[in-house]
Amino acid sequence: MAKYKLEYLWLDGYTPVPNLRGKTQIKEFADFPTLEQLPYWGFDGSSTQQAEGKSSDCVLKPVAVYPDSTRINGVLVMCEVMMPDKVTPHPTNFRATILDDPGAWFGFEQEYFFYQDGKPIGFPEFGYPAPQGPYYTGVGFSNVGSVARQIVEEHLDICLNAGINHEGINAEVAKGQWEFQIFGKGSKKCADEMWVARYILQRLCEKYEIDIEYHCKPLGATDWNGSGMHANFSTEYLRTVGGKEYFEKLMAAFEKYKDEHIAVYGPDNHMRLTGLHETQSIDKFSYGIADRGASIRVPHSFVNDGYKGYLEDRRPNSQGDPYAIASRILKTVASVEV
Ligand code: ADP
Ligand code: MN
Ligand code: MN
(Lines give C-alpha, C1' and ligand atoms only; values in the text may rest on other atoms or scores of the structure.)
(Ligands and ions follow the chains in the order given, each with its own letter.)
Protein backbone atom coordinates (compact mmCIF):
# COMPACT_ATOMS: atom_id res chain seq x y z
CA MET A 1 0.00 0.00 0.00
CA ALA A 2 1.09 3.56 -0.60
CA LYS A 3 -0.34 6.91 0.34
CA TYR A 4 -1.49 8.86 -2.71
CA LYS A 5 -2.01 12.62 -2.83
CA LEU A 6 -5.33 13.08 -4.60
CA GLU A 7 -5.80 16.61 -5.92
CA TYR A 8 -9.54 17.01 -6.54
CA LEU A 9 -10.16 19.73 -9.15
CA TRP A 10 -13.44 21.45 -9.97
CA LEU A 11 -14.89 24.61 -11.50
CA ASP A 12 -16.33 27.21 -9.16
CA GLY A 13 -19.50 29.26 -9.62
CA TYR A 14 -17.96 32.57 -10.70
CA THR A 15 -19.32 34.30 -13.80
CA PRO A 16 -18.78 35.02 -16.61
CA VAL A 17 -16.09 32.35 -16.41
CA PRO A 18 -15.44 29.79 -13.73
CA ASN A 19 -12.13 29.45 -11.91
CA LEU A 20 -10.33 26.23 -11.17
CA ARG A 21 -10.26 25.11 -7.56
CA GLY A 22 -8.41 22.21 -6.00
CA LYS A 23 -7.72 20.53 -2.68
CA THR A 24 -5.80 17.47 -1.62
CA GLN A 25 -6.84 14.39 0.27
CA ILE A 26 -4.55 11.49 1.16
CA LYS A 27 -5.74 7.91 0.64
CA GLU A 28 -4.02 4.54 0.59
CA PHE A 29 -4.11 2.31 -2.46
CA ALA A 30 -2.16 -0.76 -3.55
CA ASP A 31 -1.57 0.77 -7.00
CA PHE A 32 -2.25 3.98 -8.85
CA PRO A 33 -6.01 4.42 -8.26
CA THR A 34 -8.59 3.95 -10.99
CA LEU A 35 -11.55 6.29 -11.38
CA GLU A 36 -13.87 3.69 -9.82
CA GLN A 37 -11.72 3.56 -6.67
CA LEU A 38 -11.89 7.30 -6.03
CA PRO A 39 -14.51 8.36 -3.49
CA TYR A 40 -16.89 11.28 -3.81
CA TRP A 41 -15.80 14.23 -1.70
CA GLY A 42 -17.25 17.58 -0.62
CA PHE A 43 -16.39 21.24 -0.26
CA ASP A 44 -17.79 24.48 1.11
CA GLY A 45 -19.86 25.90 -1.73
CA SER A 46 -20.45 29.17 0.13
CA SER A 47 -16.80 30.06 -0.56
CA THR A 48 -17.01 29.38 -4.29
CA GLN A 49 -20.34 31.04 -5.20
CA GLN A 50 -22.00 27.64 -5.36
CA ALA A 51 -24.13 27.62 -2.19
CA GLU A 52 -25.58 29.73 0.61
CA GLY A 53 -23.82 29.72 3.97
CA LYS A 54 -26.63 27.93 5.80
CA SER A 55 -26.53 24.84 3.58
CA SER A 56 -23.15 25.00 2.00
CA ASP A 57 -22.09 21.45 1.16
CA CYS A 58 -21.44 20.62 -2.47
CA VAL A 59 -20.33 17.22 -3.69
CA LEU A 60 -17.32 16.38 -5.86
CA LYS A 61 -17.81 13.47 -8.24
CA PRO A 62 -14.57 12.22 -9.83
CA VAL A 63 -14.85 11.99 -13.63
CA ALA A 64 -11.25 11.70 -14.88
CA VAL A 65 -7.91 10.80 -13.32
CA TYR A 66 -4.33 11.70 -14.31
CA PRO A 67 -0.88 11.00 -12.84
CA ASP A 68 0.75 14.14 -11.38
CA SER A 69 4.49 13.84 -11.95
CA THR A 70 5.24 16.96 -9.89
CA ARG A 71 4.35 15.23 -6.62
CA ILE A 72 5.40 11.94 -5.09
CA ASN A 73 2.39 9.64 -5.59
CA GLY A 74 0.49 12.56 -7.05
CA VAL A 75 -2.93 12.18 -8.70
CA LEU A 76 -5.04 14.84 -10.42
CA VAL A 77 -8.75 14.10 -10.15
CA MET A 78 -11.08 16.14 -12.37
CA CYS A 79 -14.54 16.37 -10.77
CA GLU A 80 -18.07 17.42 -11.55
CA VAL A 81 -19.90 19.43 -8.88
CA MET A 82 -23.08 17.71 -7.69
CA MET A 83 -25.89 18.64 -5.32
CA PRO A 84 -25.87 17.01 -1.84
CA ASP A 85 -28.04 14.15 -3.19
CA LYS A 86 -24.97 13.16 -5.28
CA VAL A 87 -27.03 12.53 -8.42
CA THR A 88 -28.32 15.98 -9.42
CA PRO A 89 -25.72 18.09 -11.23
CA HIS A 90 -25.12 21.48 -9.62
CA PRO A 91 -26.44 24.35 -11.80
CA THR A 92 -22.81 25.39 -12.47
CA ASN A 93 -21.97 21.91 -13.78
CA PHE A 94 -21.86 22.42 -17.56
CA ARG A 95 -20.07 19.15 -18.20
CA ALA A 96 -23.18 17.23 -17.19
CA THR A 97 -25.13 18.92 -20.00
CA ILE A 98 -22.89 17.78 -22.86
CA LEU A 99 -24.43 15.40 -25.35
CA ASP A 100 -21.36 13.21 -25.23
CA ASP A 101 -20.47 11.52 -28.45
CA PRO A 102 -17.30 9.41 -28.55
CA GLY A 103 -17.36 9.84 -32.36
CA ALA A 104 -17.01 13.62 -31.93
CA TRP A 105 -13.37 14.65 -32.05
CA PHE A 106 -12.19 18.06 -30.86
CA GLY A 107 -8.93 19.93 -31.14
CA PHE A 108 -8.64 23.11 -29.07
CA GLU A 109 -5.87 25.64 -29.67
CA GLN A 110 -5.41 27.50 -26.39
CA GLU A 111 -3.75 30.92 -26.63
CA TYR A 112 -2.78 32.86 -23.49
CA PHE A 113 -0.45 35.53 -22.13
CA PHE A 114 2.10 35.26 -19.36
CA TYR A 115 1.51 38.26 -17.08
CA GLN A 116 3.57 39.89 -14.36
CA ASP A 117 3.13 43.32 -12.73
CA GLY A 118 0.03 44.01 -14.81
CA LYS A 119 1.59 43.46 -18.24
CA PRO A 120 2.81 40.68 -20.51
CA ILE A 121 6.26 39.39 -19.60
CA GLY A 122 8.90 40.98 -21.79
CA PHE A 123 7.04 44.31 -21.92
CA PRO A 124 9.10 47.28 -20.71
CA GLU A 125 8.05 49.11 -17.54
CA PHE A 126 6.54 51.92 -19.63
CA GLY A 127 5.22 51.80 -23.17
CA TYR A 128 5.46 48.90 -25.55
CA PRO A 129 8.14 46.62 -26.97
CA ALA A 130 8.90 46.54 -30.71
CA PRO A 131 5.73 45.80 -32.70
CA GLN A 132 4.44 42.35 -33.56
CA GLY A 133 6.28 40.45 -36.25
CA PRO A 134 9.24 38.52 -34.85
CA TYR A 135 7.47 36.94 -31.86
CA TYR A 136 5.24 34.35 -33.57
CA THR A 137 7.14 31.03 -33.51
CA GLY A 138 10.16 33.16 -32.63
CA VAL A 139 13.48 32.23 -31.13
CA GLY A 140 16.04 34.23 -29.18
CA PHE A 141 15.98 36.16 -25.93
CA SER A 142 14.71 39.42 -27.38
CA ASN A 143 11.79 37.61 -29.03
CA VAL A 144 10.67 35.15 -26.39
CA GLY A 145 12.58 36.11 -23.23
CA SER A 146 14.15 33.49 -20.99
CA VAL A 147 11.56 32.25 -18.57
CA ALA A 148 8.62 31.70 -20.94
CA ARG A 149 10.15 28.83 -22.84
CA GLN A 150 11.25 27.21 -19.59
CA ILE A 151 7.66 27.27 -18.31
CA VAL A 152 6.22 26.11 -21.62
CA GLU A 153 8.60 23.13 -21.73
CA GLU A 154 7.90 22.18 -18.11
CA HIS A 155 4.18 22.47 -18.75
CA LEU A 156 4.43 20.23 -21.79
CA ASP A 157 6.30 17.54 -19.86
CA ILE A 158 3.88 17.57 -16.92
CA CYS A 159 0.91 17.31 -19.30
CA LEU A 160 2.49 14.50 -21.34
CA ASN A 161 3.32 12.63 -18.13
CA ALA A 162 -0.32 13.04 -17.12
CA GLY A 163 -1.43 11.43 -20.38
CA ILE A 164 -2.92 14.67 -21.70
CA ASN A 165 -2.96 14.57 -25.47
CA HIS A 166 -0.99 17.69 -26.31
CA GLU A 167 -0.41 18.05 -30.03
CA GLY A 168 1.97 20.96 -30.02
CA ILE A 169 3.12 24.30 -28.62
CA ASN A 170 4.28 27.58 -30.14
CA ALA A 171 5.14 31.18 -29.33
CA GLU A 172 2.31 33.42 -30.57
CA VAL A 173 1.98 36.74 -32.36
CA ALA A 174 2.12 39.10 -29.37
CA LYS A 175 5.12 39.33 -27.06
CA GLY A 176 4.51 37.17 -23.99
CA GLN A 177 1.76 35.20 -25.79
CA TRP A 178 1.92 31.41 -26.31
CA GLU A 179 -0.28 28.55 -27.45
CA PHE A 180 -0.75 24.87 -26.83
CA GLN A 181 -3.06 22.46 -28.64
CA ILE A 182 -4.96 19.48 -27.28
CA PHE A 183 -6.77 16.92 -29.38
CA GLY A 184 -9.24 14.36 -28.03
CA LYS A 185 -11.68 11.76 -29.25
CA GLY A 186 -14.84 12.49 -27.28
CA SER A 187 -15.96 15.96 -26.29
CA LYS A 188 -15.77 15.36 -22.54
CA LYS A 189 -12.35 13.77 -22.78
CA CYS A 190 -10.90 16.69 -24.74
CA ALA A 191 -12.54 19.35 -22.57
CA ASP A 192 -11.42 17.62 -19.33
CA GLU A 193 -7.86 17.57 -20.62
CA MET A 194 -8.04 21.27 -21.50
CA TRP A 195 -9.19 22.22 -18.00
CA VAL A 196 -6.53 20.05 -16.37
CA ALA A 197 -3.83 21.49 -18.67
CA ARG A 198 -4.95 24.99 -17.65
CA TYR A 199 -4.74 23.97 -13.99
CA ILE A 200 -1.22 22.56 -14.44
CA LEU A 201 -0.09 25.75 -16.19
CA GLN A 202 -1.44 28.07 -13.51
CA ARG A 203 0.01 25.98 -10.70
CA LEU A 204 3.40 25.74 -12.41
CA CYS A 205 3.57 29.52 -12.79
CA GLU A 206 3.15 30.14 -9.06
CA LYS A 207 6.87 29.55 -8.40
CA TYR A 208 7.77 32.02 -11.17
CA GLU A 209 5.43 34.67 -9.70
CA ILE A 210 3.72 34.81 -13.08
CA ASP A 211 -0.01 34.63 -13.83
CA ILE A 212 -1.77 33.30 -16.88
CA GLU A 213 -3.96 35.95 -18.52
CA TYR A 214 -6.73 34.16 -20.41
CA HIS A 215 -8.70 37.31 -21.27
CA CYS A 216 -9.26 37.48 -25.03
CA LYS A 217 -7.99 41.04 -25.45
CA PRO A 218 -5.89 41.95 -22.42
CA LEU A 219 -4.20 44.84 -24.23
CA GLY A 220 -7.53 46.33 -25.27
CA ALA A 221 -8.07 48.11 -28.56
CA THR A 222 -4.39 48.20 -29.54
CA ASP A 223 -2.66 46.53 -32.46
CA TRP A 224 -1.61 43.69 -30.18
CA ASN A 225 -3.30 40.38 -31.01
CA GLY A 226 -5.93 38.93 -28.73
CA SER A 227 -6.18 35.31 -27.64
CA GLY A 228 -8.50 32.71 -29.06
CA MET A 229 -9.23 29.07 -28.52
CA HIS A 230 -10.05 27.82 -32.02
CA ALA A 231 -12.25 24.73 -31.84
CA ASN A 232 -11.53 22.13 -34.52
CA PHE A 233 -14.25 19.51 -34.66
CA SER A 234 -15.52 16.54 -36.59
CA THR A 235 -18.13 13.85 -36.14
CA GLU A 236 -18.12 10.30 -37.40
CA TYR A 237 -20.59 11.40 -40.11
CA LEU A 238 -18.50 14.40 -41.18
CA ARG A 239 -15.38 12.24 -41.41
CA THR A 240 -16.86 9.28 -43.24
CA VAL A 241 -19.84 10.59 -45.26
CA GLY A 242 -19.97 14.39 -45.31
CA GLY A 243 -20.72 15.80 -48.77
CA LYS A 244 -21.36 19.29 -50.08
CA GLU A 245 -25.09 19.21 -49.45
CA TYR A 246 -24.70 18.14 -45.81
CA PHE A 247 -21.91 20.67 -45.31
CA GLU A 248 -24.12 23.52 -46.61
CA LYS A 249 -26.98 22.47 -44.32
CA LEU A 250 -24.54 22.38 -41.42
CA MET A 251 -23.26 25.87 -42.17
CA ALA A 252 -26.86 27.14 -42.43
CA ALA A 253 -27.47 25.77 -38.91
CA PHE A 254 -24.32 27.49 -37.63
CA GLU A 255 -25.60 30.72 -39.14
CA LYS A 256 -29.05 30.23 -37.58
CA TYR A 257 -27.58 29.64 -34.10
CA LYS A 258 -24.86 32.32 -34.42
CA ASP A 259 -25.96 34.18 -31.28
CA GLU A 260 -26.24 30.99 -29.21
CA HIS A 261 -22.68 30.13 -30.18
CA ILE A 262 -21.31 33.58 -29.39
CA ALA A 263 -23.07 33.43 -25.99
CA VAL A 264 -20.81 30.57 -24.87
CA TYR A 265 -17.66 31.43 -26.82
CA GLY A 266 -16.15 33.47 -23.99
CA PRO A 267 -16.70 36.93 -22.49
CA ASP A 268 -15.74 40.23 -24.14
CA ASN A 269 -15.43 38.54 -27.53
CA HIS A 270 -16.63 41.75 -29.23
CA MET A 271 -13.21 43.17 -28.34
CA ARG A 272 -11.50 40.37 -30.25
CA LEU A 273 -13.89 39.54 -33.11
CA THR A 274 -13.52 42.87 -34.87
CA GLY A 275 -12.88 41.68 -38.42
CA LEU A 276 -9.17 42.50 -37.95
CA HIS A 277 -6.27 40.33 -36.72
CA GLU A 278 -7.47 37.18 -38.54
CA THR A 279 -11.04 37.29 -37.18
CA GLN A 280 -14.55 37.77 -38.53
CA SER A 281 -16.63 40.46 -36.78
CA ILE A 282 -18.83 39.26 -33.95
CA ASP A 283 -22.15 40.10 -35.66
CA LYS A 284 -21.39 38.22 -38.89
CA PHE A 285 -21.20 34.55 -39.71
CA SER A 286 -19.12 33.33 -42.63
CA TYR A 287 -17.18 30.31 -43.76
CA GLY A 288 -14.41 29.99 -46.28
CA ILE A 289 -11.78 27.66 -47.61
CA ALA A 290 -8.50 28.31 -45.81
CA ASP A 291 -9.98 31.68 -44.79
CA ARG A 292 -8.61 32.88 -41.47
CA GLY A 293 -10.88 35.90 -41.60
CA ALA A 294 -13.99 33.69 -41.57
CA SER A 295 -15.98 32.47 -38.56
CA ILE A 296 -15.41 28.91 -39.72
CA ARG A 297 -12.32 27.96 -41.67
CA VAL A 298 -12.75 25.01 -44.04
CA PRO A 299 -9.39 23.26 -44.51
CA HIS A 300 -8.28 22.59 -48.10
CA SER A 301 -8.19 18.89 -47.22
CA PHE A 302 -11.92 18.99 -46.37
CA VAL A 303 -12.89 20.12 -49.86
CA ASN A 304 -10.30 17.94 -51.61
CA ASP A 305 -11.65 14.86 -49.81
CA GLY A 306 -15.19 15.50 -51.03
CA TYR A 307 -16.39 17.66 -48.13
CA LYS A 308 -15.20 15.21 -45.47
CA GLY A 309 -13.04 15.77 -42.43
CA TYR A 310 -12.92 18.48 -39.75
CA LEU A 311 -13.86 22.16 -39.57
CA GLU A 312 -12.36 24.98 -37.53
CA ASP A 313 -14.62 27.34 -35.60
CA ARG A 314 -12.33 30.33 -35.05
CA ARG A 315 -14.68 32.28 -32.78
CA PRO A 316 -14.24 30.69 -29.33
CA ASN A 317 -11.90 32.76 -27.18
CA SER A 318 -9.14 31.92 -24.79
CA GLN A 319 -11.35 32.36 -21.72
CA GLY A 320 -14.15 30.15 -23.02
CA ASP A 321 -15.25 27.00 -21.20
CA PRO A 322 -14.43 24.02 -23.44
CA TYR A 323 -17.39 22.10 -21.94
CA ALA A 324 -19.82 24.83 -22.98
CA ILE A 325 -18.18 25.29 -26.39
CA ALA A 326 -18.16 21.58 -27.28
CA SER A 327 -21.70 21.24 -25.97
CA ARG A 328 -23.01 24.07 -28.20
CA ILE A 329 -21.22 22.81 -31.31
CA LEU A 330 -22.67 19.32 -30.84
CA LYS A 331 -26.16 20.75 -30.27
CA THR A 332 -26.02 22.62 -33.58
CA VAL A 333 -24.62 19.57 -35.38
CA ALA A 334 -27.44 17.46 -33.90
CA SER A 335 -30.04 19.92 -35.23
CA VAL A 336 -29.09 19.03 -38.83
CA GLU A 337 -30.69 16.00 -40.44
CA VAL A 338 -28.29 13.65 -42.17
P1 ADP B 1 -4.12 26.09 -37.39
O2 ADP B 1 -3.46 26.45 -38.68
O3 ADP B 1 -5.40 26.77 -37.16
O4 ADP B 1 -3.20 26.12 -36.22
P5 ADP B 1 -3.74 23.27 -37.59
O6 ADP B 1 -3.90 22.60 -38.92
O7 ADP B 1 -2.39 23.43 -37.01
O8 ADP B 1 -4.57 24.59 -37.62
O9 ADP B 1 -4.57 22.48 -36.49
C10 ADP B 1 -5.68 21.82 -36.78
C11 ADP B 1 -6.15 21.12 -35.52
O12 ADP B 1 -7.30 20.37 -35.89
C13 ADP B 1 -5.18 20.09 -34.97
O14 ADP B 1 -4.46 20.64 -33.91
C15 ADP B 1 -6.10 18.98 -34.47
O16 ADP B 1 -6.24 19.09 -33.06
C17 ADP B 1 -7.43 19.25 -35.07
N18 ADP B 1 -7.90 18.14 -35.90
C19 ADP B 1 -7.24 17.50 -36.88
N20 ADP B 1 -8.01 16.53 -37.40
C21 ADP B 1 -9.19 16.56 -36.74
C22 ADP B 1 -10.40 15.82 -36.83
N23 ADP B 1 -10.58 14.86 -37.71
N24 ADP B 1 -11.41 16.15 -35.98
C25 ADP B 1 -11.26 17.15 -35.11
N26 ADP B 1 -10.16 17.88 -34.98
C27 ADP B 1 -9.12 17.60 -35.79
MN1 MN C 1 -2.71 30.33 -32.65
MN1 MN D 1 -6.42 27.64 -35.62
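Residues numbered from 1 in each chain as written. Chains lettered and ligands numbered in written order. Predicted model: local features only at pLDDT ≥ 70, side-chain atom pairs only at ≥ 80, totals over all residues. Heavy atoms only, no water.

- By the naming in an unreviewed UniProt entry, the protein chain is Glutamine synthetase, taken from Phragmitibacter flavus.
- Recorded under Catalytic activity (unreviewed entry), the UniProt text for the protein chain is reproduced unchanged: "L-glutamate + NH4(+) + ATP = L-glutamine + ADP + phosphate + H(+)".
- Recorded in UniProt under Function (unreviewed entry), the annotation for the protein chain is "Catalyzes the ATP-dependent biosynthesis of glutamine from glutamate and ammonia." (UniProt positions renumbered as here; feature names shortened; annotations may be inferred.)

1. Thoughts on the coordination of the manganese ion (ligand 2)
When a metal carries six donors in an octahedron, the ideal angles between them are 90 or 180 degrees, while four donors in a tetrahedron ideally lie at 109.5 degrees.
No. 1: Coordination of the manganese ion (ligand 2) by the protein involves E111 (OE), E172 (OE) and E179 (OE), with metal-donor separations of 1.9 to 2.4 Å.
No. 2: Spacing between the donor residues of the manganese ion (ligand 2) along the chain follows E-x60-E-x6-E.
No. 3: Among the residues examined, E172 registers a relative accessible area of 7% and is labelled buried.
No. 4: We classify E179 as buried; its relative accessible area is 6%. (Donors = N, O, S within 2.8 Å, 3.2 Å for Na, K, Ca; no water. Buried < 20%, exposed > 50% of the residue type's maximum accessible area, 1.4 Å probe, protein only.)

2. Focus on the domain arrangement of the protein chain
Interface size is commonly expressed as the accessible surface area that is lost when the partners come together.
No. 1: According to the domain assignment, the protein chain contains domain 1 (2-93) and domain 2 (105-334).
No. 2: Using only C-alpha atoms to locate each centre, domain 1 and domain 2 end up separated by 26 Å.
No. 3: Taken together, the 15 residues of domain 1 in the interface contact 16 residues of domain 2.
No. 4: Here domain 1 meets domain 2 over a buried area of about 1500 Å², counting both sides, of which 70% is carbon and sulfur.
No. 5: Two residues, D68 and R203, come together in a salt bridge whose shortest N-O distance is 2.9 Å.
No. 6: Between the two partners, domain 1 and domain 2, sit 4 residue pairs in polar contact (both at pLDDT 80 or more).
No. 7: Mapped onto the side of domain 1 that touches domain 2, the elements with two or more residues apiece are β1 (2-11), β4 (57-68) and β5 (74-82).
No. 8: Take the side of domain 1 that touches domain 2: its biggest share by element is 4 residues, from β4.
No. 9: In terms of residue class, the side of domain 1 that touches domain 2 is made up of 11 nonpolar, 2 polar and 2 charged. (Domains from an automatic or database assignment. Contact = heavy atoms within 4.5 Å. Buried area = accessible area lost by both parts, 1.4 Å probe. Salt bridge = Lys/Arg side-chain N within 4 Å of Asp/Glu carboxyl O. Polar contact = N/O pair within 3.5 Å; in protein donor to acceptor, adjacent residues only side chain to side chain. Helix = DSSP H or I, 4+ residues; strand = E, 2+ residues; numbered from the N terminus. Nonpolar A, V, L, I, M, F, W, Y, C, P; charged D, E, K, R; others polar.)

3. So, the sheet that holds strand β3 (residues 41-44)
No. 1: Strand order in this open sheet of 5 strands is β2-β1-β5-β4-β3, and the pairing throughout is mixed. Each end of this open sheet is capped by a strand with a single partner; those strands are β2 (20-29) and β3. Across the sheet, the axes of successive neighbouring strands diverge by a mean angle of 40 degrees, strand direction being ignored.
No. 2: Pairing between β1 and β2: 10 bridges, direction antiparallel. (Pairing = 2+ DSSP bridges. Axes fitted to C-alpha atoms, helices over the stretch in contact; angles between N-to-C directions.)

4. Points about the UniProt feature "domain: GS beta-grasp" (unreviewed entry) in the protein chain
No. 1: In the numbering used here, UniProt assigns the "domain: GS beta-grasp" (unreviewed entry) feature to residues 4-86.
No. 2: Between the end C-alpha atoms of residues 4-86 the distance is 24 Å, and the span holds 0% helix and 52% strand.

5. Topic: the layout of surface pockets
No. 1: When its volume is computed, the largest pocket comes out at roughly 360 Å³.
No. 2: Around the largest pocket, the lining is made up of 20 residues, and of these E111, E172, H230, E278 and R314 lie nearest the centre.
No. 3: Contributing elements (two or more residues each) for the lining of the largest pocket: β6 (105-116) and β9 (177-185).
No. 4: A total of 3 residues in the lining of the largest pocket trace back to one element, the largest contributor, which is β9.
No. 5: Residue composition of the lining of the largest pocket, by class: 2 nonpolar, 9 polar and 9 charged. (1 Å grid on protein atoms, 1.4 Å probe; cavity = no way out; pocket = protein on both sides within 12 Å on 5 of 7 lines; lining within 4 Å. Points joined across faces, edges and corners; volume = space filled by probe spheres on them.)

6. Thoughts on the pattern of salt bridges
No. 1: One pass over the full model with this rule turns up 13 salt bridges.
No. 2: We note a salt bridge from R297 to E312, for which the minimum N-O separation is 2.5 Å. One end of the pair, R297, is in strand β13 (residues 296-298); the other, E312, is in strand β14 (residues 311-313), and 15 residues separate them in sequence. Both residues of the pair, R297 and E312, belong to the buried class.
No. 3: Here the salt bridges do not stand alone but share partners, grouping E278, R297, E312 and R314 into one network.

7. With respect to the state of the cysteines
No. 1: Under the definition given, this model contains 0 disulfides.
No. 2: Of the cysteine sulfurs around C79, a residue in no disulfide, the closest is that of C58, at 12 Å.
No. 3: Classification of C79 by relative accessible area gives buried; the value is 5%.
No. 4: Between C159, a free cysteine, and C205, which holds the nearest cysteine sulfur, the sulfur-to-sulfur gap is 11 Å. (Disulfide = S-S within 2.5 Å.)

8. Quick look at the packing of helix α2 (residues 147-161) against helix α3 (residues 187-206)
No. 1: In the contact formed by α2 and α3, the axes pass within 10 Å of each other and the chain directions differ by 135 degrees. When the axes of α2 and α3 are compared, the pair comes out oblique. Read as a crossing pair, α2 and α3 show a hand that is right-handed. Contacts between α2 and α3 involve I151, E154, H155, I158 and C159 on the former and, on the latter, A197, I200, L201, L204 and C205.
No. 2: Here the residues of the contact of α2 with α3 sort into 8 nonpolar, 1 polar and 1 charged. (Parallel < 35°, antiparallel > 145°, perpendicular 65-115°, else oblique. Left-handed = near helix turned anticlockwise from the far one by under 90°.)

9. A word on helix α9 (residues 322-334)
In an α-helix, one turn spans 3.6 residues, which is why side chains three or four residues apart end up on the same side.
No. 1: The end-to-end C-alpha separation of α9 is 18 Å, in line with the 18 Å expected for 13 residues at 1.5 Å each.
No. 2: With 11 of 13 residues buried, α9 is to be regarded as a mostly interior element.
No. 3: By the burial criterion, the buried members of α9 are P322, Y323, A324, I325, A326, S327, R328, I329, L330, T332 and V333.
No. 4: Of the residues that open α9, the one with a side-chain oxygen 2.8 Å from the backbone nitrogen of Y323 is D321. (Expected span 1.5 Å × (residues − 1).)

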